[in-house]
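Chain residues, written in single-letter form:
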Amino acid sequence: MKALMISRDSLLHAEVAAQGSARMPAMQLVASRNGLRDAVERQLPEMPDLVIVDASDAAPDETELLERLGKLYSSSSFMLLTREPQQDLLIRAMRAGMREVLQLPLVHSAFHEAMSRIEVATGVSQTRDGKVLAFISCKGGSGATFLSTNFGYALAALADKKVLLIDLHGQFGDATLYVSDQKPTMTLSDICAQISRMDGSFLDSCLVHVASNFGVLAAADDPNHAVDMKPEHMDAILRVARQHYDFIVLDVGRQIDAISLRALDQADTIHPVLQLALPDIRDGRRLLDIFRSLGYPSDRTRLIVNRYEKGGKLRLMDLEQALGADVVHTVPNDYLSATDSVNQGIPVLQLSRSSAVARSLAELVELVTARRVSESKGLFDRLFGRHDND
Ligand SMILES: Nc1ncnc2c1ncn2[C@@H]1O[C@H](COP(=O)(O)OP(=O)(O)O)[C@@H](O)[C@H]1O
Ligand SMILES: [Mg+2]
């Protein structure tokens, strides 16, 4: 987005330029004018997408220039900055069609929120309407972290979706390690401590980027920080995340606390992960009972059986009967590929593309994105490099 900045304040100019260039897509100050009169007298040959007007030191007889400016740049968006929002100024700004008025000194979060609104209004960035998918482990070791992280990567890699994974473990979260060797510089609790800065670019800057369209927000790693986290923070994070990502995958772990509960409340689907074994089924039952007592509709819960092997004593049917819920997907037991991937911190899709578990993840991507068969071929082609038409 190209912007014209009208201000006599060089510090403010630099501040806006820095904030703008950190955005995605970046907002560039392509020209500047020294006050309102200069702006009206020297019109830019090309309409900028945005005109940022600092009206702090506008003399009373200059405010009418706002309206002239509005006419000169009739197809641009406007952002008005002012130290003292006097009524006369605001009324003129409204008449000129300037909706975004920010008070100085600049509050960065307010600036970015206004920028996001302008981007949506001008169609520069379509706000996404991200879906929240929670993976929850019925029993420790069922594979919720392995599946959620690798599924997140698969969604990004195979379906071209923009994906965020949030590790909601209260303690000892390890999701980042499953798919990356980078050390997170920011965690969920750090974000909660700075929640007033929350917007798309701040969230993005806190992630470990596994791929350009797949980022992981690490779990709170310091138990002392955990006390600062409030369920309302989760609301703010998910609200912003839904605007900026197609899918938000949650690795919930076994312990449900106030934070993860708030996230589960907002999840579009919840995927309890369990293995076909009695202890898992017992714990799965308890979990589904909790969901029922919380009033979650039963079709929100989608069971995934991990490390599935056909021909065992227990059948899928037995599990479905015991839990009173359908299994939507099974992931085969693939010890070598899973262990290699986890040990190296490389997504299994990247490390062993043709492994049974990678294929199963691709199927899950199809299921979740509800791709039609013709489209899903493309997906498999990409995964396995097939070019035939069967
Ligand atoms: N489909 C699978 N086949 C073989 N091993 C698996 C599979 N899924 C997960 N694992 C292994 O199980 C271990 C525990 O998984 P993890 O995701 O950490 O469980 P949870 O998060 O539910 O406690 C991982 O180290 C991984 O290697
Ligand atoms: Mg885990």
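Starting afresh in each chain, residues are numbered from 1 along the sequence in its written order. Lettering of chains starts at A and numbering of ligands starts at 1, both following the order in which they are written. Local features are withheld for residues below a pLDDT of 70 in this predicted model, meaning they are given only at 70 or higher, and side-chain atom pairs are given and counted only at 80 or more; totals for whole chains, interfaces and linings count all residues. Excluding hydrogens and water, the side-chain figures rest on all heavy atoms present in the structure.

An unreviewed UniProt entry lists the protein under the name AAA family ATPase, with Rugamonas rivuli as the source organism.

1. Regarding the packing of helix H3 (residues 64-72) against helix H4 (residues 87-95)
As a reminder of what qualifies: For every element, the axis is a line fit to its C-alpha atoms; helices are fit only across the contacting stretch, and the angle between N-to-C directions ranges from 0 to 180 degrees. Helix numbers and strand numbers start at the N terminus; a helix is a DSSP run of H or I with at least 4 residues, a strand a run of E with at least 2. The cut-offs work like this: below 35 degrees is roughly parallel, past 145 is roughly antiparallel, 65 to 115 is roughly perpendicular, and the gaps in between are oblique. Crossings are classed by handedness, with left-handed meaning an anticlockwise turn of the near helix from the far one by less than a right angle and right-handed meaning a clockwise turn. Should any heavy atoms of two residues lie within 4.5 Å, those residues are considered in contact. Amino acid classes used here: Ala, Val, Leu, Ile, Met, Phe, Trp, Tyr, Cys and Pro are nonpolar; Asp, Glu, Lys and Arg are charged; the rest, including Gly, are polar.
Running from N to C, H3 and H4 cross one another at 15°; their axes reach a closest spacing of 8 Å. When the axis of H3 is compared with that of H4, the two are roughly parallel. When the axes of H3 and H4 are compared, the crossing they make is right-handed. Packed against H3, whose contacting residues are Glu-64, Leu-66 and Glu-67, the element H4 presents Leu-89, Arg-92, Ala-93 and Arg-95 at the interface. Its residues assigned to classes, the contact of H3 with H4 comprises three nonpolar, no polar and four charged.

2. A short note on the layout of surface pockets
Quick note on the threshold: Space inside and on the surface of the protein is sampled on a 1 Å grid over the protein atoms alone, with a cavity defined as a set of points where a 1.4 Å probe fits but cannot get out and a pocket as an open set with protein on both sides within 12 Å along at least 5 of 7 lines; lining residues have an atom within 4 Å of a point. Grid points are joined across faces, edges and corners, and a volume is the space filled by probe spheres set on the points.
Counted as a void, the second largest pocket has a volume near 440 Å³. At the level of elements, helix H6 (144-159), strand S12 (303-308) and helix H14 (335-344) are the ones that each hand at least two residues to the lining of the second largest pocket. Of the residues forming the lining of the second largest pocket, the biggest block, four residues, is contributed by H14. Residues belonging to the lining of the second largest pocket are distributed by class as follows: nine nonpolar, 11 polar and four charged.

3. Describing the site of ligand 1
Cut-off, in case you're wondering: Nearness here has a simple test: a residue counts as near a molecule or strand if at least one of its heavy atoms is within 4 Å of that partner. Counted as a polar contact is a pair of N or O atoms within 3.5 Å, where, for protein atoms, one must be capable of donating a hydrogen and the other of accepting one, and residues adjacent in sequence contribute only when both atoms are in side chains. All accessibility values rest on the Shrake-Rupley procedure with a 1.4 Å probe; residue burial counts only the protein chains present in the view.
Every one of the 18 residues lining ligand 1 counts as a neighbour, but Ser-137, Gly-141, Thr-145, Phe-146 and Tyr-178 are closest to it. For ligand 1, an oxygen atom lies 2.6 Å from a polar atom in the side chain of Ser-137. The backbone of Pro-332 places a nitrogen or oxygen atom 3.0 Å from a nitrogen atom of ligand 1. Against a free-state accessible area of 570 Å², the protein chains account for coverage of 84% of ligand 1. Of all the elements in the fold, those that place two or more residues in the shell around ligand 1 are H6, S12, strand S13 (327-332) and H14. Of the residues in the shell around ligand 1, the class split is eight nonpolar, eight polar and two charged.

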